[in-house]
Structure formats: C-alpha cells, structure tokens
Amino acid sequence: KKEQKKKIVFSMGGGSLMTIDANLTKEGEVEGIQYEASFSHLETNGISAAKSGTENDGYENNTLALSLGANLLPSLSLSAKLRKTKAESEYDGYNVDDLDNIETVRSTILSGEAIFSPFTWWKGNLKASSCKTEKENDEGVNQLNTYLGTTEKIESCHNLMIRKIDELVVGIESEKEACKIEENSVKNMDNEARNNALYLQNNIKVGKVSLRAGVRFDDHSTFGSYQTHHLSSLITLLTGVRMRAGWSEGFKSPSLYQLYAPANLPWGFLGGNKNLKPEECENLELGIGIEKTHFGLEVSHFKNEFKNLITYYTDPVTRQS
C-alpha cells in the first residue's frame, strides 16, 4: 500500500554532566489511517544527592509512544494510543553517599477513544484506558521493594442540544485502582478500590448572559458517596468587556499509593498513610476581562479552601516524611 504524507523528525541535544537528550518521531497517513510513532532517550550522570557526597547519581529515561487515528464515517472517528516508559535513577541516603541504590520505574499506558455524532443535536464519546506502573527500589544488601499499581478507567460523555440556547451534558465514568507491594519477593500488601461517578451539567445562553450549573455524584468503595456542585456565569457588559463569576466544590480520594506506598528509609520516607481522608475543596472566583483588536487585559480574584489536603511533608527535625 502506498504511504502518503509521511514526516520524520530527529533532534538531539547535550549538556554538562554528560547529559544527552535524543528524540525521533515519524508521522504519516496510510489509506486514511493517521499514525505517529516516537522514541525519546534522556540520560545524565547527575550529581550527588548527599550534601557532602562525591559519587554522582545518574538518571536514564527511555520512552516509546505510538498513536493511530481514523475517520471511519463523517460522524464516527476512532483513535488509540500506547506509551511505554522505563526510567532508572540512582539515589543516596540522607546526607550519605550510597553506591548501589537504584529506583526503576516502568509504566505502560494504553487508551482508546471513539467520537460519534449520530444526530446534529447529539455529540458523544467513549473512552477506555489502562495504566500499569511498576516501581522497584533496589538498595543492595538492605532490601528490594516493588510496587505494582494498575488503574483502569472507562468513561462516556454526551452533549445534547435541547434547544439552540440550552445544552445538556451527561457523563458517566468508572475507575478501578489496584496495587500490590512486595518486599524481598514476599507479598505484604494487595489492595483494590473502585469509584463510579455520574455528572450532569446544563449550559444556557440568553442574550449576553451565559449560565452553567452542574452536579456530580461519586460513589467510592472505601470512602462512600459524595455530591459536589458547580455554578458559573459569563456576562458581556460592553463590546469586548466580559465579567465572570463562579463557585465550585471538589472531591478527590487518596490514591492507593498515597495510602499504602512502601517505606524508603534512606530517603527518610516512612511510606503511605492509611489514615488519609478524601480531599474536599471549595472555590470562589470573580473576574473581568477586556479584549480589543490590539489589546487584552484580564483581572481575576479567587479563593480556594481545602479540607484534608494531601501533601508531602518532611519533618525538619527527624528528616522523615
């Protein structure tokens, strides 16, 4: 079969610390199928992470990415993507050189999407994705920790034009997360969590005023049910002058890694926290913008409030996280 519209791009750069960054990309189209394939390589000798260390801690990353896409019908298109990464980094203990600590991370992300529009008033999509991550900490004679995490997600969103001024958005999604932890080839943790969600949003435009209202329902296998809301407006005051206002709520459950990650004592990391609670937030925002032919200006004021915020913290006295 004859190949059309092909393009190959290669770039390479380097710098101090024996740093090399190389990228190769090929894209094109064959019989109506668009494709893109790329490979990237990054490596550096690095520096010592220890304050008084002399041994360099290097880093290396290899990434392969593939994507395919096709418009099967005027109202139907399909796409698929694959991304594989392997990264290795050397690390030290706190203020202590270590010659054999190596962290290896391997990840594989596979996704597919169908976009369809069976009627002029109905546009929708269906997405499915899978992400697998393996994290291995090899500390020589000390220990070998392996964390295997998997996330699978399927979601579908539909935009329905009820009237010319009224658009309804309906979406559903289901996400499953699993993790396994091994220490010196002995399994000590196997966990799983699932979250199902439904969301509705209504967009209305009347004259110079656009209003948006939405609600989302989450049902988590561990943390139960949550309901969050969103309200926003956009008002055109004068030609090129717009004012907007919005209020929204948010919910995010802690990941299994945040809950059960294995400890890394040379880094002072004590591992995940099983007592974490879901993050909750509330956002308020006001703004006004001016847009002219050769000039634009926007001023915004916002306020965010978080409850049970999950963050990485290192004790300044014990140096433990």
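Before reading further, recall that the structure is shown in the block above.
Described below are features of the structure shown in this document. Keep in mind that what you see is a predicted model, and the values were worked out from it rather than measured. (Residues numbered from 1 in each chain as written. Predicted model: local features only at pLDDT ≥ 70, side-chain atom pairs only at ≥ 80, totals over all residues. Heavy atoms only, no water.)

**Notes on the packing of aromatic side chains**
For any two aromatic rings, the description comes down to two numbers: the centre-to-centre distance and the angle of the planes. As enumerated under the stated definition, the model contains six aromatic pairs in all. Each ring, one from Tyr147 and one from Tyr257, has its centre 4.8 Å from the other, and the planes form 90 degrees; the classification is edge-to-face. Remark: Tyr257 occurs in helix α1 (residues 256–260) and Tyr147 occurs in strand β8 (residues 144–163); sequence separation between them is 110 residues. Ring geometry for Tyr226 against Phe251: centres 4.1 Å apart, planes inclined by 20 degrees, an arrangement best described as stacked. A residue pair is termed long-range when its members are at least 10 positions apart, and Tyr226 in strand β12 (residues 224–238) and Phe251 in strand β13 (residues 241–252) qualify at 25 residues. (Phe/Tyr/Trp six-rings, centres within 6.5 Å; stacked < 30°, edge-to-face > 60°. Helix = DSSP H or I, 4+ residues; strand = E, 2+ residues; numbered from the N terminus.)

**What about unusual backbone geometry?**
A positive phi angle, near 55 degrees, is found at Met18, a position not held by glycine. Within the secondary structure, Met18 sits in the loop between β1 (3–15) and β2 (19–30). Unusually for a residue other than glycine, Glu31 sits at a positive phi of about 50 degrees. For Glu31, the position within the fold is in the loop between β2 and β3 (33–44). Residue classification places Glu31 among the exposed positions, given a relative accessible area of 55%. (Buried < 20%, exposed > 50% of the residue type's maximum accessible area, 1.4 Å probe, protein only.)

**Here's the deal with the pairing of β12**
Where strand β11 (residues 209–220) meets β12, 12 bridges bridge the pair, whose relative direction is antiparallel. Bridge pairing in β12 places Val209 opposite Ile235. Joining the antiparallel neighbours β12 and β13 is a turn of two residues, in which Gly240 adopts a positive phi near 85 degrees. (Pairing = 2+ DSSP bridges.)

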